[in-house]
Amino acid sequence: MASTGITKREALAFRKGVVNGKEMTPQEREAMLKPFLPPAPVKTSSPDRSTLKSPKSPKLSQRTTPKPKPKPTPVRALLHFLLYSIISFIFSIFFRFRRSWRLFTYKVRGVLRHHHHTPEWIVNDVKNVEQLPKHVSVVLDHREDDEDQGNAGLEGLVQDACEIAAWTASAGIPLLSIYERTGVLKNYVPQLHAAIQKNLESYFGTRRRPTLTVKAPHTISYSPPGTPSSEPTENGSTTSRPHLTVLLLSEHDGRDTLVDLTVTLSAMAQKGDIRKEQIDMNLVNAELSDYVSSEPDLLVLFSPTVVLKGYPPWQLRLTEIFHLPDNKGVNYQVFLKALKQFGKAEFRVGK
Amino acid sequence: MASLHKHGISRWFAYSPPVAWTVRQLRELLIGALRQGPIPQHVAFVMDGNRRFAREQHIETVEGHNMGFEALARILEVCYKAGVKVVTIYAFSIENFKRSKHEVDALMELAKLKLGQLAEHGALLDRYGASIRILGNRELVKPDVIEAIDKAVSITAHNKRAILNVCFPYTSRDEITTAIKSTVEQYSTPLDSLQTPSKRTFSESHITQQIRKQMLEEDTDGRSAPQESRSTSPSSLKEAKSVEGGRSSSTTTAINSSDKDDCHITAPNFPDPETITAETLNEHMLTAGAPPLDLLIRTSGVERLSDFMLWQCHENTSIVFLKCLWPEFDLWQFLPVLVEWQWQQKKLQEQQKSRARSKAE
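Residue numbers restart at each chain and count upward from 1, following the sequence in its written direction. Labels follow written order: the first chain is A, the first ligand is 1, and so on. It should be noted that, the model being predicted, local features are given only for residues of pLDDT at least 70 and side-chain atom pairs only at 80 or more, the latter also being counted only at that level, while totals for whole chains, interfaces and linings use all residues. The side-chain figures draw on all heavy atoms in the structure; neither hydrogens nor water molecules are used.

1. Things to note about the overall build of chain B
Only DSSP runs of H or I with at least four residues qualify as helices, and only runs of E with at least two residues qualify as strands; both kinds are numbered from the N terminus onward. When you go through chain B residue by residue, the secondary structure sums to 15 helices and 6 strands. Here chain B, with 361 residues, has 49% of them falling under the buried criterion. Here a residue-residue contact requires only that any non-hydrogen atoms of the pair lie within 4.5 Å. Across chain B, the fraction of contacts at a sequence separation of at least 24, relative to all contacts at a separation of at least 6, is 81%. Shrake-Rupley sampling with a 1.4 Å probe provides the accessible areas, and residues are treated as covered by the protein chains on show and by no other component. In the form shown here, chain B has an accessible surface area of approximately 18,000 Å², with 55% of it arising from carbon and sulfur atoms. Note on classification: 1.4 Å probe, protein chains only; a residue is buried when its accessible area is under 20% of the maximum for its type, exposed when over 50%, partly exposed between these limits.

Right under this line is the structure:
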C-alpha cells in the first residue's frame, strides 16, 4: 500500500465516495483532490507542452510568468535530470546483465535439449504437451549482414525455414505459416520446396518423409507431382504419410490486402453489386481466410522483443504470441518452449 | 496491493500522512525524471486480471473491477504527468457480453457512475487537459449509459493536450470491418453533389453531349450508336438507384441520383477506388488522428491481443506482457517497462544512425 502515496481517508473516499460515514459532494471531492493535481496549465506555462503551439514560446513564457511555481524550477530540473541519468545508467547495466544471463541459460538448455535431427526426439519433447496448435506461424527476419551465425540473406532465410518446417512436421502440426516482411521467399517457391523436402528427408528418411505443399496467398500451391502421398510402398499398401503445408506470408498480406479488399468492395458497391449491409465481419473474415491465411493458433517470434513488423493484423485476433525475451535468431528451444506454453494456455473468449 | 488483507503496523505505517506525503513526492520526482527521456506518444493497456485478483483476494468480482478502476486512475495520472499524449484502454470487449448478466450489469453501472462523477469535475479534468473518447460499437450499449458517455465526452471535448480512448464495447475486427464499410460507403457516394460544380468550369457530361450533337449533325446514319449508349446508361443508373433507395439510409445519395436523373444521362461520377490506400483506411479507424501506437501493455501474463488494436499495433508497436494482475499495476510496475522502452528506443536510434553512416560511406 505504501506505493500509492495516499492516506487511508483518501483511499476510502475514492473507493466508496464516503468520508466519515457521509456521502461526498462534488465540492468536497474537488477539495480533497487539490494536492494531487498537476499545476493549472493556464498559469504555469506547462514547460514542454507549449513547444507544440509555437516554437519560440517556452522560454518566453517561462520568463514572463515566473511567480506561480512555488519551487525553483532549475533545481527541480537538475534533480530530474540527475535522477534520470542514474536510473537509465543502472537499468542499462541491469538489462545488459540480464541479457547475458538469459542468453547463457538458453545456450545451456539448448545443449541439454537438442533435437539431434531426429523426429523421435521432438515427438518425445512434445509428448506431454496437452494441446498442440493446428496452425503455427513464425516470423523470420531478412538480415543483410550476419552479426553472429551466418544466417544472413536469402540463404539464411531458407535455412531457417527448412529447420522450422522439419520441427513442425515432427511435432505433428499440419500447417505452418512463415511470415517475412519483404516477401522475398515468395519468389523462390519451387527452390524452397526442394530445400525443405531435402531437410525433411534428412530428418525422417526417404520413406517416412511427410508430403509437402508450399504456397503463398494468391498463387497456386506448389506440390510437385513427383511426391504423391499415395505412392505405394514395398508392401503394396499405401501408408498415409503426414502432410505439411507451408504458407508464405509477407507485409503485403496485411494492410495492403485489406486495402485491396476495400477497393474491390468499393468498385462493387459503385456498380451496385453489393449493398452496405452485406459487408460484415463474416464476409471479411471469409475472404481473408480463403485468400490469405486462417487465424494461427500460435505465433512464435524469434526476436528479442514483441514487435509484429507488419504481420497480417486480421489473423492475429486470438493468436497466442510467444517470444523468449532477449533471444536472437531461430533455434529449437524457442519453438519447443512456445509449444509447451501453448499447451498450458487456456482460451476463454471474452470470459 | 498484495497486502490488502494484511493488517497491522505496515499498513498503518503506509497510510500515515507523512509517509504518504513522502511517497507522493517520490512518485512526482520519478515521473519528472522519466520525462527527461523519450516518452511514448500513444500507450494502450489491456486491463486484464481484475477477476483473478478478486478470486485470489477472496473478494467479490465486482469489487475486483473497482480495484481495477483505481489502478487505472493511478496509471492515467502517471501517463499524463509523464507526457503521454494518447492513452487507449480496453475497458470492455464485445465478447464480454457473454459473461454473467450480473457482472455485465455491474460493469455498466461502474462505467456510468465513474463517467458521471467525471462529468461533475470538468474543471479538474482541464488541469490534465485530457479529453475522453469512447471507441466502440454504440449500438450495443444501453441508452442510459450512452447518455453518461455523451455527457463525459462533451464536457471534455475542448481539451486538446491529451486523449483518453476508452474502448467500450470494442473489438478490433469490428473496428476494421466498420472502417472498410465506411470507406466503401464514402467511395460509393457520387462525387459531384455539393461543391464540385464550382470547382470545374466545364462539365464532362456537357462536353459529351456536345460531341454527340456534332456527331448527329455530321452523319445521320451513326445515330443508332449514341442512342444505344443513352438507353443503357439510365437503366443501369436506375438499378443503382433502386439499390440505394432500398437501403434508404443516407438521404444525400438519394438526392444525388434523383437530380442526376433529370439533368444527366451519364453514369454517376464516383471517386476512383484505386486511390484507396492504407492511410485512407487508417483515417476510418476509431483511432484516426492519434499518433501511432508506441507501446501496448497487457497484464496478467496472457500473451494474446484478444482482438484489441490489431490494426494499430501490428507494425512497430512494442508489445509488453506483464505477469502482474491489473489491480496491482502501478508506477512501480510501469517504471521498468518505460525505462526499458526508452533504452530500446535509444538503441534503435543508434542503429539507424550507424546504418545511415554506413550507407553514406
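2. So, the sheet that holds strand 3 (residues 130–135) of chain B
All names here are of chain B. When DSSP finds two or more bridges between a pair of strands, those strands are recorded as paired. Sheet architecture is open: 6 strands sit in the order 3-4-2-1-5-6, paired in parallel fashion. Strands at the two margins of the open sheet, each flanked by one partner only, are strand 3 and strand 6 (318–321). Averaged over all neighbouring strand pairs, the angle between strand axes comes to 15°, with direction disregarded. Across the sheet, helix 15 (residues 331–360) is in contact with strand 1 (42–46), strand 5 (295–298) and strand 6; its angle to strand 5 comes to roughly 150°. The convention used is that axes are lines fitted to C-alpha atoms, helices contributing only their stretch in contact, and that angles between N-to-C directions extend from 0 to 180 degrees.

3. So, the sheet that holds strand 3 (residues 135–140) of chain A
Residues and elements named next belong to chain A. Across the sheet, which stays open at both edges, the 6 strands sit in the order 5-6-4-3-7-8 with parallel pairing between neighbours. One side of each edge strand has no neighbouring strand; the edge strands of this open sheet are strand 5 (211–215) and strand 8 (320–323). Strand-to-strand twist in this sheet, taken as the mean axis angle between neighbours without regard to direction, amounts to 20°. Of the strand pairs in this sheet, strand 7 (residues 298–301) and strand 8 are connected by 4 bridges, and their pairing is parallel.

4. Considering the interface of chain B and chain A
At the interface, 92 residues of chain B touch 90 residues of chain A. Summed over both partners, buried area is the accessible surface (1.4 Å probe) that two parts give up on being assembled. For the chain B and chain A pair, buried surface summed over both sides reaches about 8,600 Å², with 62% attributable to carbon and sulfur atoms. In what follows, salt bridge is the name for a side-chain nitrogen of Lys or Arg lying within 4 Å of a carboxyl oxygen of Asp or Glu. One can count 6 salt bridges joining chain B with chain A. Whenever a nitrogen or oxygen atom comes within 3.5 Å of another N or O atom, the pair is scored as a polar contact, on the condition that within protein one atom can donate a hydrogen and the other can accept it, and that pairs from neighbouring residues in sequence are kept only if both atoms are in side chains. Here chain B is connected to chain A by 18 residue pairs in polar contact (both at pLDDT 80 or more). With 11 residues, helix 2 (residues 17–34) of chain B is the single largest residue contributor to the side of chain B that touches chain A. Among the residues forming the side of chain B that touches chain A, the class breakdown is 37 nonpolar, 22 polar and 33 charged. In the scheme used here, Gly and all other residues not listed as nonpolar or charged are polar, with Ala, Val, Leu, Ile, Met, Phe, Trp, Tyr, Cys and Pro taken as nonpolar and Asp, Glu, Lys and Arg as charged.

5. Quick look at the UniProt feature "transmembrane region" (unreviewed entry) in chain A
As recorded in UniProt, the sites labelled "transmembrane region" (unreviewed entry) are residues 77–97 of chain A. Spanning residues 77–97 of chain A, this segment combines 100% helix with 0% strand, and its end C-alpha atoms are found 30 Å apart. UniProt positions are given in the numbering used here, feature names are shortened, and annotations may be inferred rather than shown by experiment.

6. Side note on the side chain of B:Ser306
Relative to the helices and strands, B:Ser306 resides in the loop between strand 5 and helix 14 (310–313). Separated by 2.9 Å, the side chains of B:Ser306 and B:Arg298 make a polar contact. B:Ser306 has contacts with A:Arg317, A:Leu318, B:Tyr90 and B:Arg298, leaving out every residue within four places of it along the chain.

7. A few points about the confidence of the model for chain B
All names here are of chain B. Residues with a pLDDT of 70 or more make up 81% of chain B, whose mean pLDDT is 80. Confidence scores here are pLDDT values: one per residue, from the predictor, ranging 0 to 100. Across residues 194–198, where pLDDT falls below 50, the model places 1 contact with residues more than four positions away in sequence or in other chains. Across residues 222–265 the pLDDT falls below 50, and counting only partners more than four positions away or on other chains, this stretch makes 35 contacts in the model. Our summary of model confidence lists the complex with pTM equal to 0.79 and ipTM equal to 0.81.

8. Regarding a negative patch on the surface
Where like charges cluster on the molecular surface, the negative patch consists of A:Asp256, A:Asp260, B:Asp272 and B:Glu274. Secondary-structure assignment places B:Glu274 in the loop between helix 12 (251–263) and helix 13 (278–284). Candidates for patches are residues over 30% relative accessible area with no salt bridge; among them, like charges are joined within 9 Å and nonpolar side chains (Val, Leu, Ile, Met, Phe, Trp, Tyr) within 5 Å. Charged residues are defined here as Lys and Arg on the positive side and Asp and Glu on the negative side; His and the ends of the chain fall outside this count. Where a charge sits is defined by one atom per residue type, namely NZ (Lys), CZ (Arg), CG (Asp) or CD (Glu).

9. A closer look at the environment of A:Tyr106
Residues and elements named next belong to chain A. Looking at the secondary structure, you find Tyr106 in helix 5 (residues 73–112). Sequence separation between Tyr106 and Val246 is 140 residues; the distance between their C-alpha atoms is 27 Å. In this structure, Tyr106 is in contact with Leu324, Pro325, Asn327 and Gln333, ignoring residues within four places of it in sequence. Polar contacts involving the side chain of Tyr106 include one to the main-chain carbonyl oxygen of Pro325, which spans 2.8 Å.

10. Comments concerning the packing of aromatic side chains
For this analysis, a ring pair means two rings from Phe, Tyr or Trp (six-membered ring only for Trp) whose centres lie within 6.5 Å, classed as stacked if their planes differ by under 30 degrees, edge-to-face if by over 60, and tilted for the remaining angles. Taken as a whole and assessed by the stated rule, the structure comprises 18 aromatic pairs over all chains. Taking 5.8 Å as the distance between ring centres and 90° as the angle between the ring planes, the aromatic pair formed by B:Tyr90 and B:Tyr170 counts as edge-to-face. One end of the pair, B:Tyr90, is in strand 2 (residues 86–90); the other, B:Tyr170, is in the loop between strand 4 (162–167) and helix 8 (172–187), with 80 residues separating them in the sequence. An aromatic cluster of three or more residues is present, and its members are A:Phe91, A:Phe94, A:Phe95 and B:Trp343.

11. Notes on the packing of helix 9 (residues 255–271) of chain A against helix 8 of chain B
Between helix 9 of chain A and helix 8 of chain B, whose axes approach to 9 Å, the crossing angle comes to 40°. The orientation of helix 9 of chain A with respect to helix 8 of chain B, classified from their angle, is oblique. Where helix 9 of chain A crosses over helix 8 of chain B, the two elements pack in a sense that is right-handed. On helix 8 of chain B, the residues that touch A:Leu258, A:Leu261, A:Thr262, A:Leu265, A:Ser266, A:Ala269 and A:Gln270 of helix 9 of chain A are B:Ile176, B:Ile180, B:Thr183, B:Val184 and B:Tyr187. Residue classes in the contact of helix 9 of chain A with helix 8 of chain B are distributed as 8 nonpolar, 4 polar and no charged. In what follows, roughly perpendicular refers to angles from 65 to 115 degrees, roughly parallel to angles under 35, roughly antiparallel to angles over 145, and oblique to any angle outside these ranges. Two helices that cross are described as forming a left-handed crossing if the nearer one is turned anticlockwise from the farther one by less than a right angle, and a right-handed crossing if clockwise.

12. Some details on the environment of B:Arg304
Residue and element names in this part refer to chain B. One can find Arg304 in the loop between strand 5 and helix 14. Residue Arg304 is classed as buried on the basis of its relative accessible area of 8%. Sequence separation between Arg304 and Gln352 is 48 residues; the distance between their C-alpha atoms is 30 Å.

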